[in-house]
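# Survey of secondary and tertiary structure
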Amino acid sequence: MSTHAEVETAVTADWGGGTLPYRIGHKKLGMWLFIVSDALTFSALLIGYSYARLASNQWPTPFKFSPSILFSTTMTLCLLSSSFTMVMAVKASAHGNRRAARRWIGGTMLGGLLFLVLHLYEWNHLISEGLKPFSLPKEWLERWPQASPLFGATFFAITGLHMFHVFTGFCYLGIVALTIRKRTHEDVEVSGLYWHFVDLVWMFVFPMIYLLSVDFKG
Amino acid sequence: MSSRLQNLMQKQDVILNAICLLLATFFFILALSNLRWAGNFLTIDSLFMTAVCLMLAGVFMINPALWAHEHGLFAAEEKGAAPAVDLHFEGTTKLFLAVLGGLLGMTLVEVLLAYFKVPLELMLTILLGLSIIKAALIVAYFMHLRFERISLMLTLVPMLVVCICLLLIFFPDSFRLNKMRTYNQPPTTTTHE
């Protein structure tokens, strides 16, 4: 009467695997689960932003194509190319070439750093214009008299949380690169997963926050 | 015992697949008839209904498709058994460069939409569509999910998609809020300091 074992063999075909049900290690599975929960955080924020925008009579669309949109496009390019260098780092590490992996991770960190610097420069510019979490600059209010003051709140919350993720990823990659001799291939791959996720989130933040707020009349 | 159990499992498979297929067909027909009933197809309501119906139909198709896969209906794709722990790395530099090129191209299209100042609703639809394709490319190739076991993808992705779609339940309320406000109040500038 070994029905239990029989059932197990019957379902082994696609879902079995004993101690490694997904044929990946526990670190990688943990990172995947974290990514799923973090994706829900960001989607809730983006949907909250869409809610506020749809429920408002007017929403400011202040970003002029040049320079604002071009600036944020440059930031997107930084992040996308850093994602590519991260893939190359994981590939090098898979082939056992740790030196190359470290160099590629260095390139990734450079892209991330550039993104952070550009982003902070942009924040600084907007704050100096007078944008605050719960109030808009005077010129904006003259142009969009009924505009919702929540623009600043959503903008700073979403891009701020994303910036924090980039910063965290930067530190994480730094630690992995410094201690790469002690690291296994899985460690490098897991850090890569995190970095790609940061890039993936930006693929939604950039169109929804920037491109949909392009100055339609300017 | 063994053959009885196998019989039972087979019957279960058949019943489950039949129910799933039935539900999938139902939702597919619902999506199609929604297209017919809705006068104007390109409204948010209609798109939402269609998307939800198609998604549910797709979710119910997963089980029969897996079953068919297991029973060798798409056997042409399978080549030998995979090793117990997958540590080798698939994908060439060329492939990753191609993916990067695709991502950059789609970003360029998005930015061009902003440059030509396409109407907001159309722009939103195209942007979201392109973003989802970009996200899928990143997850599949950069995050390597395409080369993992299919059970990992099935554990992570459908659940996430359903949860995110459930968040969309708030949107009717935001429309209501907007209408309430414009209906009751003449526009004033004093509400914002």
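Our subject is the structure that appears above.
Residues numbered from 1 in each chain as written. Chains lettered and ligands numbered in written order. Predicted model: local features only at pLDDT ≥ 70, side-chain atom pairs only at ≥ 80, totals over all residues. Heavy atoms only, no water.

## Description of the nonpolar core
Within the largest apolar cluster, 94 residues are counted, with the highest numbers of intra-cluster contacts made by W32, I105, F155, W202 and Y210 of chain A together with M123 and M143 of chain B. Among the elements that line this core, the one with the most residues is helix α7 (residues 185-210) of chain A, at 17 residues. For W202 of chain A, the contacting residues outside a window of four places in its chain are M75, T76, L79, F115, H119, H162, P207 and Y210 of chain A. (Core = buried A, V, L, I, M, F, W, Y, C linked by side-chain atoms within 4.5 Å. Buried < 20%, exposed > 50% of the residue type's maximum accessible area, 1.4 Å probe, protein only. Helix = DSSP H or I, 4+ residues; strand = E, 2+ residues; numbered from the N terminus. Contact = heavy atoms within 4.5 Å.)

## A short note on the packing of helix α3 (residues 65-94) of chain A against helix α3 (residues 93-115) of chain B
Axis separation between α3 of chain A and α3 of chain B bottoms out at 11 Å; the angle between their running directions is 170°. One element, α3 of chain A, and the other, α3 of chain B, form an angle in the roughly antiparallel class. Contact residues: F65, I69, T73, T76, L77, L80, F84, V87, M88 and K91 of chain A in α3 of chain A; T93, F96, L97, L100, L103, L104, T107, V111, A114 and Y115 of chain B in α3 of chain B. Its residues placed into classes, the contact of α3 of chain A with α3 of chain B shows 15 nonpolar, four polar and one charged. (Axes fitted to C-alpha atoms, helices over the stretch in contact; angles between N-to-C directions. Parallel < 35°, antiparallel > 145°, perpendicular 65-115°, else oblique. Nonpolar A, V, L, I, M, F, W, Y, C, P; charged D, E, K, R; others polar.)

## A few points about the packing of aromatic side chains
By the definition in use, this model includes 24 aromatic pairs over all chains. Residues F27 of chain B and F60 of chain B carry aromatic rings whose centres are separated by 6.0 Å and whose planes lie at 5° to one another, so their mutual orientation is stacked. Of the two residues, F27 of chain B is situated in helix α1 (residues 2-37) and F60 of chain B in helix α2 (residues 44-70); the sequence distance between them amounts to 33 residues. Accessibility expressed as a relative area gives 24% for F60 of chain B, which makes it partly exposed. Aromatic rings pair up to connect Y49, W59, F63, F115, W123, W140, F151, F155, F156, W202, F206 and Y210 of chain A into one cluster. (Phe/Tyr/Trp six-rings, centres within 6.5 Å; stacked < 30°, edge-to-face > 60°.)

## Examining the interface of chain B and chain A
Tallying the contact residues gives 72 residues for chain B and 69 residues for chain A. The contact between chain B and chain A buries some 6300 Å² in all, and 75% of this surface belongs to carbon and sulfur atoms. The interface formed by chain B and chain A holds one salt bridge in total. The salt bridge involving E148 of chain B is made with K28 of chain A; its shortest N-O contact spans 2.7 Å. Scanning the region where chain B abuts chain A turns up seven residue pairs in polar contact (both at pLDDT 80 or more). When contributions to the side of chain B that touches chain A are tallied by element, the ones reaching two or more residues are α1, α2, α3, α4 (120-142), α5 (150-167) and α6 (171-184) of chain B. It is α4 of chain B that provides the largest number of residues to the side of chain B that touches chain A, a total of 12 residues. Taken together, the residues of the side of chain B that touches chain A break down into 46 nonpolar, 16 polar and 10 charged. (Buried area = accessible area lost by both parts, 1.4 Å probe. Salt bridge = Lys/Arg side-chain N within 4 Å of Asp/Glu carboxyl O. Polar contact = N/O pair within 3.5 Å; in protein donor to acceptor, adjacent residues only side chain to side chain.)

Just distances and angles here, no functional claims.
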